[in-house]
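Structure assessment
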Amino acid sequence: MTQGVTHGTRQGAPEAPGEAPEGRPGAAVVPVDEPARPDRIRRPGDALRFAAAVAGLAAILLLVSIAKGTTHGLQSDIVEGTAHAPRFLLTMATLVSSFGVLAVPVAFSIERLFHKDGVRVAIALLAAVIAFGLTIVLDDWVVPAAPGGVLDSLIWGGTETAPVHTDIAPVIAFVTAVGMAGRTRWQAATWTMIGLAALTGLTASYASVAALAATYFLGRAIGHGTLYAVGTPNPRPPGTTVMAALAKLGFTPLRARAVPTPADEPRAYDVAVEPEPGRRLPPGDWQLRVTVLDRDQQTAGLFYRVWRLARLRAAAPRRALRSLRRSLEQESLMAYAAGAANARTPRLLGTSEVGTEAALLAYEHVSGRTLGTLADDEITDELLADVWHQFQRLQAGRLAHRRLEGEAILITDGRAQLIHLRVGEIAAGDLALRLDLAQLLTTLALRVGPERAVATASPVLGDGTLAGVVPMLQRVALTRATRAALRQHKDLLTRIREQILRLKPEGEAPPIRLERFRPRTILSIVALTFAAYIIIPQLSSVDLDQLLAKADWWWAAAGLAAAGVTYVAAAWMLIGFVPERLPLGRTVLVQLAASFVKLVAPAAVAGVALNTRYLQRSGVRPGPAVASVGASQLMGMATHILLLILFGFITGSTTNATKDLAPSRMIVIVLLALAVLAGIALTIPKVRRFVTARLKSMFSGVVPRLVDVLQSPKKMITGMGGIVLLSAAFVVCLDSSIRAFGGTLPLTTVIVVFLTANAVGSAAPTPGGLGAVEGALTLALTLAGLTAETAASAVLLYRLLTLWLPVLPGWGAFAYLQRKEAI
């Protein structure tokens, strides 16, 4: 970025359109060397508010779909209540809102144009145009094209009302984008007009409560989304304004330069000032380091901070979102507290607001280099001991730094200073202090190794203190940058523990549970929610009374028993292809847990991933674990194909019931053509190498694993018996489901139908083969001779027994195995 010099101005001289710097009368011009300011910026807060508005809109849509009766009652109560209001007042409200809902924003726009704020008005107009166009599309095109019941369920007022309010949505988008913060009168007038317009819509029954709520969230989403996409006029004060605010603290700035900082860190300036009597300032070209906190930066990294607060246990609650005033107070308090604890840190000399959009903190300037930039030979044991002494002073003062990375330790003249105190905590609890120690140990070990890090800390902190941090040495307790660095040193934390335990062997303790929950817990909740979302609509569309009346539940019980046998068969299938010994009971639980996991992934993928994870947790190395699962899948696929060919031939030669299932001449021609094309493609070296590499990656180690299994007849019988029993149990379950509704088919036909549908379900990319299996089974059973009603009922019962009923037990097995760390 081009460096330029911008000059300050004396009080009364305009700094920017509509603004003037605040400084002392007669202050000299202060040259500030800083990058050119961008005209517009994208504020993280706009993205957060856009996401919140979209979430609100989604919540409205969800609410109207599950609470129709309540919402219709609410709408009726409002209409009845407004019917008793004086007609004169309602008429006046209609007249005022019809005029004011547009007049007030127009008047505000004119006022902003007089203050030369036309860019913001233009952005707000763009948001209003987008909102207007979108509401017209929704009202006139999208919703009428939807099924008849969709419109009535989307809104609460009935099919005569519009889903979004075309008159209000553009105004809300305009008000959101133009920004009225700090202008309370304009805000009150605008939202009063919007409220009156909403009331008019309710009383006239052309808008509903849901429509108005959806309109509000839609307008807010468009306004914030437009601001983030286009960018908002840069509200950050330039360096000259910062120098003017610094002069109000009694300093006389002579010159300043911007200091490069990461994008997520506050701005900083080195400032040379004129010495004044009574002030102790370090000598040199730069006497002050001024940190600037910008209001728009307070929401940066909010999602990550919320995630850390929710996931990591802490002794005291902390705020993920802080106001500018809160951030200023927290950093100031930490700086003064660190000074009172005699920790070596730059002295805070003053704080001040910089207009309404920023605040500054003026520190004494300390030159030096951070620990992360030092060469290895510059980091001596004496320097490390000094770092530990400064850390001990923070600990003695009950101060938690929370970001003791290499960039937070400044080295000047061979001595350490602790900087970046802005996220620290005073009166910290024991947990926060021990987490700080774990962080600093890891930071130093990454630079000098665990041996030197622990050896230099022991004389300063004591072996007992170090032993207390052993349970805290977990990746989750460290900062994001440190966790990223540990990817290259995966055994570092273990080596730190070993070094501490050599000093104090009796101090070994199990790790403390620092996480409130793990990411896989979130996966479990999402999977269960997704399953419920799928199950409830399917069950609600079935006439259960008729189904229960017609079904022969003795056959249904037989099908349920057969479905239960499939999990034992799947366990035998896996055990047979693993030379290592596996417990049957736990392996059965893993197969049951797979019935839950496959609701969020294709059936074949879910089973392979979960079984591989189970084998690794059982002590099988990753390579053999993948090979064992691959061997079982390969043998299962080969057996499946052989059975399909065998019973297809038997069925075709003994009965004509399934003649329609035989492939047509066109299908044979297409398959042959594809085979010819595949053969030609394999003659190309690049294609052949690609296919070979993929096959090697999929079945690498499978053949040696099969050889190991063949050497044990017991294992071979177990594995192949599990494969055959698995198919047989599914066939019995399907046949029982058919007989439960009075249907009968030859057993060979049922086998062919099952094998065909199972192949389709395994190939389908949907979770659990949803849609593909049901469609294939229903079509095949109908073509085989069953009535459409019997086929549909049988398929529903079969999928209920094999897919939906095991979900809850599968979730329980999944949670149990997670708790036992078996998967």
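All of these numbers come straight from a predicted model, not from anything done at the bench. Every chain is numbered on its own, with residues counted from 1 as its sequence reads. Restriction of local features to residues with pLDDT of at least 70 applies here, the model being predicted, together with a cutoff of 80 or more for giving and counting side-chain atom pairs; totals for whole chains, interfaces and linings are based on all residues. Calculation of side-chain values draws on the structure's entire complement of heavy atoms; hydrogens and water are dropped beforehand.

**A short note on the overall build of the chain**
Numbered from the N terminus, helices here are DSSP runs of H or I no shorter than four residues, and strands are runs of E no shorter than two. Along its length, the chain carries 31 helices and twelve strands. Among the 823 residues that make up the chain, the fraction classed as buried is 44%. Of the roughly 41,100 Å² that the chain leaves accessible, carbon and sulfur atoms contribute 64%. Each residue is assigned to one of three classes by its accessible area relative to the maximum for its type, calculated with a 1.4 Å probe on protein chains only: buried under 20%, partly exposed between the two thresholds, exposed over 50%. Only the protein chains shown count as covering a residue, and every accessible area follows the Shrake-Rupley method with a 1.4 Å probe.

**A closer look at the pairing of strand S9 (residues 358-364)**
A large share of S9 lies buried, amounting to seven of its seven residues. The alternating pattern of S9 places Ala 358, Leu 360, Ala 362 and Glu 364 on one face and Ala 359, Leu 361 and Tyr 363 on the opposite face, and all of these are buried. In this sheet, S9 lies alongside strand S7 (residues 288-294) in antiparallel orientation, the contact comprising seven bridges. Across the sheet, the residue bridging to Val 290 is Ala 362, located in S9. Judged from the six bridges that link them, strand S8 (residues 348-354) and S9 form a sheet pairing that is antiparallel. Residue Val 354 lies in a different strand from S9, and its bridge partner there is Ala 358. For two strands to pair, DSSP has to find at least two bridges joining them. Hairpin connection of S8 to S9: three residues between the antiparallel strands, including Gly 355 at a positive phi of 65°.

**Considerations on the packing of helix H13 (residues 430-448) against helix H14 (residues 450-461)**
To get an axis, a line is fitted to the C-alpha atoms, and for a helix only the part in contact is used. The angle between two axes follows their N-to-C directions and goes from 0 to 180 degrees. Following both chains from N to C, one finds H13 and H14 inclined at 135°, their axes separated by 7 Å at the closest point. Viewed along their axes, H13 and H14 adopt a mutual orientation that is oblique. Relative to H14, H13 is oriented so that their crossing is right-handed. Contacts between H13 and H14 involve Leu 437, Leu 441, Leu 444, Ala 445 and Val 448 on the former and, on the latter, Pro 450, Arg 452, Ala 453, Val 454 and Leu 461. Three residue categories are used. Nonpolar comprises Ala, Val, Leu, Ile, Met, Phe, Trp, Tyr, Cys and Pro, charged comprises Asp, Glu, Lys and Arg, and polar comprises the others, including Gly. When the residues that make up the contact of H13 with H14 are grouped by side-chain class, the tally is nine nonpolar, no polar and one charged. Should an angle fall under 35 degrees it is taken as roughly parallel, and over 145 as roughly antiparallel, whereas 65 to 115 is taken as roughly perpendicular and any remaining angle as oblique. Throughout, a crossing is termed right-handed when the near helix is turned clockwise from the far one, and left-handed when it is turned anticlockwise from it by less than a right angle. Residue contacts follow a heavy-atom distance rule, with two residues in contact if any of their heavy atoms lie within 4.5 Å.

**Focus on the confidence of the model for the chain**
Scored from 0 to 100, pLDDT records how confident the predictor is in each individual residue. Looking at the chain, pLDDT values average 77 and 70% of them are 70 or higher. Strand S1 (residues 3-7) is the least confidently modelled element of the chain, averaging 36 in pLDDT, while helix H12 (residues 381-396) averages 96, the highest of any element. Here residues 1-27 scores under 50 on pLDDT; set against residues more than four positions off or in separate chains, the count is 56 contacts. Considering only residues more than four positions removed or in separate chains, one finds that residues 145-160, a stretch of pLDDT under 50, has 30 contacts.

**Brief notes about the pattern of salt bridges**
Salt bridges are defined by distance alone: a side-chain nitrogen of Lys or Arg within 4 Å of a carboxyl oxygen of Asp or Glu. For the structure on display, the rule yields 19 salt bridges. Between Arg 267 and Asp 294 there is a salt bridge; the shortest N-O distance is 2.9 Å. In this pair, Arg 267 is assigned in strand S6 (residues 267-273) and Asp 294 in strand S7, connecting sequence segments 27 residues apart. In this structure, Glu 378 engages Arg 369 in a salt bridge whose closest nitrogen and oxygen atoms are separated by 2.4 Å. Judged by its relative accessible area of 33%, Glu 378 falls in the partly exposed class. Residue classification places Arg 369 among the partly exposed residues on the basis of a relative accessible area of 39%.

**Structural notes on the pairing of strand S5 (residues 253-259)**
As judged from the two bridges shared by strand S2 (residues 31-35) and S5, these two strands associate in the parallel manner. Along S5, the bridge assignment pairs Val 32 with Ala 256. With six bridges joining them, S5 and S6 adopt antiparallel strand pairing. In the strand pairing of S6, Ala 256 is matched with Val 271.

**Here's the deal with the nonpolar core**
Membership of the largest hydrophobic core comes to 46 residues, with the highest contact counts inside it found for Trp 388, Leu 441, Ile 496 and Ile 500. Of all the secondary-structure elements, those providing two or more residues to this core are helix H11 (324-340), H12, strand S11 (409-412), strand S12 (415-418), H13, H14 and helix H17 (492-503). Apart from the residues lying within four places of it in its own chain, the contact partners of Ile 496 are Leu 441, Thr 442, Ala 445, Pro 450, Val 454 and Leu 473. Here, nonpolar core refers to any group of buried Ala, Val, Leu, Ile, Met, Phe, Trp, Tyr and Cys residues whose side-chain atoms link them within 4.5 Å. Grouped together as the second largest cluster of nonpolar side chains are 39 residues, Ala 569, Val 731, Ala 776 and Ala 780 included.

**So, a nonpolar patch on the surface**
Judged by side-chain polarity, Val 106, Ile 110 and Phe 114 come together as a nonpolar surface patch covering roughly 340 Å² of accessible area. Mapping Phe 114 onto the fold places it in helix H3 (residues 87-114). Judged by its relative accessible area of 70%, Phe 114 is exposed. Residues qualify for a patch when their relative accessible area is over 30% and they have no salt bridge, like charges being joined within 9 Å and the nonpolar side chains of Val, Leu, Ile, Met, Phe, Trp and Tyr within 5 Å.

**Some thoughts on the side chain of His 224**
The residue His 224 is located in helix H8 (residues 209-230) in this model. Excluding its chain neighbours within four sequence positions, the residues that come into contact with His 224 are Asp 46, Arg 49, Phe 50 and Thr 176.

**Brief notes about the environment of Leu 48**
Along the polypeptide, Leu 48 turns up in helix H1 (residues 44-66). Residue class for Leu 48 comes out buried when judged on its relative accessible area of 15%. In the structure, Leu 48 is positioned 177 residues away from Gly 225 in sequence and 9.6 Å away in space, judged by C-alpha atoms.

**Section: the packing of aromatic side chains**
Any pair of Phe, Tyr and Trp rings, taking the six-membered ring for Trp, is counted once the centres come within 6.5 Å. Such a pair is stacked with planes under 30 degrees apart, edge-to-face with planes over 60 apart, and tilted for the rest. A full pass over the atoms with the stated rule returns six aromatic pairs. Judged by centre distance (5.3 Å) and plane angle (75°), the rings of Tyr 216 and Phe 217 are edge-to-face. Look at Tyr 216 and you get partly exposed, because its relative accessible area is 32%. A ring pair is formed by Phe 596 and Phe 814, whose centres lie 5.7 Å apart and whose planes are at 55°; its orientation type is tilted. Here Phe 596 is found in helix H21 (residues 584-597), whereas its partner Phe 814 is found in helix H31 (residues 807-819), with 218 residues between them in sequence. Given the relative accessible area of 8%, Phe 814 is considered buried. Through a chain of ring-to-ring contacts, three or more aromatic side chains come together here, namely Trp 191, Tyr 216 and Phe 217. By definition here, charges over rings are those cases where NZ of Lys or CZ of Arg is within 6 Å of the ring centre and within 35 degrees of the ring normal. The lysine or arginine in question, Arg 255, covers the ring of Trp 286, its NZ or CZ lying 5.3 Å from the ring centre. The aromatic ring of Trp 555 is capped on one face by Arg 739, whose charged end is 5.5 Å from the ring centroid.

**Thoughts on the sheet that holds S11**
What the three strands build is an open sheet, ordered S10-S11-S12; its pairing is antiparallel. Two strands in the sheet have a free side with no partner beyond their single neighbour: strand S10 (369-370) and S12.

**Considerations on helix H9 (residues 239-247)**
Counting buried positions over the nine residues of H9 gives nine, a clear majority of the element. The complete set of buried residues in H9 reads Gly 239, Thr 240, Thr 241, Val 242, Met 243, Ala 244, Ala 245, Leu 246 and Ala 247.

**Thoughts on H12**
End to end, H12 covers 22 Å across 16 residues, agreeing with the expected 22 Å (1.5 Å per residue, within 8%). Buried residues belonging to H12 abut H11, S11, S12, H13 and H14. Of the residues trailing H12, Arg 398 is marked for its positive phi of about 55°. To estimate the expected span of a helix, subtract one from its residue number and multiply by 1.5 Å.

**Here we look at the packing of helix H20 (residues 553-576) against helix H30 (residues 788-804)**
Between H20 and H30, the least distance of the axes is 9 Å, while the angle of their chain directions is 40°. One finds that H20 runs oblique with respect to H30. Crossing geometry of H20 relative to H30 is assigned as right-handed. Where H20 approaches H30, its residues Trp 553, Ala 556, Gly 559, Leu 560, Ala 563 and Tyr 567 are matched on the opposing element by Leu 797, Leu 801 and Thr 802. A class-by-class count of the residues in the contact of H20 with H30 yields seven nonpolar, two polar and no charged.

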